[in-house]
Amino acid sequence: MTSINFAVLRPLFAAACLASVLLLVVRCAPSRQHQAEQVYACAVDAFSARKIGAAKTLLDSIHNHFVDVPDVYRDARELSRAVARYENERTIAFLDSMLFACDAEQQILLKLMVVDDPDAPSPRYISKTQQAYRTFNRSYVKAATDANGLFSLISVFTGDKSLHHDRFTISVGDEFVEMSQVSDAAYRNEFSDDERVWETVRYSGTEAAEAAKFIESHHQDRVAVDFIGSKAHFITYLTDADKDAIAHVWALSRSLRESRKIKGMIRKSRLEMKNVQ
């Protein structure tokens, strides 16, 4: 009787089994078409459930890995446009609500304002409490903002003699904010009559904003203002009315700038939505 050498046959049997398994895997593995359709179906379900992040991830997978399945790739592109439109519509709705809130805030604040110079090309708002006839013959700091939210502080000095001030500091104890020296004649004005001298200096930009924030944060404190001239200086204190006025104008300035920013974002979202039609 012929003996069988199982040691020899064992590797051949294993190879045959592996080949059978591989053939079975190949036969059972889904086709590229089927795989793409499954991913697309999941993307549709995710979008229907408003799981936008998941839908976008699945669609990106189709765009990156199933270009060779044209019908599914085409449907995925269309669904991506639908997702983009939905996102833009949702963004615009959110921004519209923010803009509405800003407009409501501005309407309240504008009731506390007047236009400083009605003849100017664009309106510049100041607090009603800081109109010239209410502040005559006193030194103080006035706030203003234009319709675009450009904020500025104006130091107003009046006295018997000229100070020729070109900057000021505001302080509470050891804390202070100092405005840089203003040399541009366009931002300085001095005039006098037979008895008194008036000087005004306008400051804008980051320093004016920081000064407004400082005053706002020290509303309950006694805030000193030091008008600094070339050879002398003059110290006074902000009244509560002045602190309120500066805080209100600063709030209006912030709201106006926020409105401009939101409107720009809305325009951008509408343009993006138009591009995905």
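Keep in mind that what you see is a predicted model, and the values were worked out from it rather than measured. (Residues numbered from 1 in each chain as written. Predicted model: local features only at pLDDT ≥ 70, side-chain atom pairs only at ≥ 80, totals over all residues. Heavy atoms only, no water.)

A. Fine view of the overall build of the protein. Each helix and strand in the protein was counted, giving six helices and ten strands. When burial is assessed residue by residue, the protein has 36% of its 277 residues classed as buried. Sequence-distant contacts, at least 24 apart, represent 62% of the contacts inside the protein between residues at least 6 apart. (Helix = DSSP H or I, 4+ residues; strand = E, 2+ residues; numbered from the N terminus. Buried < 20%, exposed > 50% of the residue type's maximum accessible area, 1.4 Å probe, protein only. Contact = heavy atoms within 4.5 Å.)

B. Examining the packing of aromatic side chains more closely. As enumerated under the stated definition, the model contains nine aromatic pairs in all. Where F136 meets W198, the ring centres are 5.7 Å apart and the plane angle is 35 degrees; that geometry is what we call tilted. With F136 in the loop between β2 (124-127) and β3 (140-146) and W198 in strand β8 (residues 197-204), this residue pair connects regions lying 62 residues apart in the sequence. Judged by relative accessible area, which is 54%, F136 ranks as exposed. (Phe/Tyr/Trp six-rings, centres within 6.5 Å; stacked < 30°, edge-to-face > 60°.)

C. The packing of helix α4 (residues 70-110) against helix α6 (residues 240-275), seen in detail. Between α4 and α6, the shortest axis-to-axis distance is 9 Å and the interhelical angle comes to 160 degrees. If you check the angle between α4 and α6, you find them roughly antiparallel. The way α4 lies across α6 gives a crossing that is left-handed. Its residues placed into classes, the contact of α4 with α6 shows 14 nonpolar, seven polar and nine charged. (Axes fitted to C-alpha atoms, helices over the stretch in contact; angles between N-to-C directions. Parallel < 35°, antiparallel > 145°, perpendicular 65-115°, else oblique. Left-handed = near helix turned anticlockwise from the far one by under 90°. Nonpolar A, V, L, I, M, F, W, Y, C, P; charged D, E, K, R; others polar.)

D. Molecular detail of the nonpolar core. Membership of the largest hydrophobic core comes to 33 residues, with the highest contact counts inside it found for F151, L153, F168, I170 and I246. Sorting the residues of this core by element identifies β3, β4 (151-159), β5 (167-172), β8, α5 (206-217), β9 (224-228) and α6 as the ones contributing at least two each. With 17 residues, the next largest nonpolar core counts F47, A55, V72 and A82 among its residues. (Core = buried A, V, L, I, M, F, W, Y, C linked by side-chain atoms within 4.5 Å.)

E. Spotlight on the sheet that holds strand β6 (residues 175-178). Here four strands make up an open sheet; going across it, the order is β6-β5-β9-β10 and the pairing antiparallel. Bordering the open sheet on either side are β6 and β10 (233-237), each of which pairs with just one other strand. Neighbour-to-neighbour, the strand axes of this sheet turn through a mean angle of 20 degrees, independent of strand direction. Across five bridges, β5 lies against β9 in antiparallel orientation. Paired with R167 across the strands is I228, a residue of β9. On top of the sheet, α5 reaches β5 and β6; it is set at about 155 degrees to β6, its chief contact. (Pairing = 2+ DSSP bridges.)

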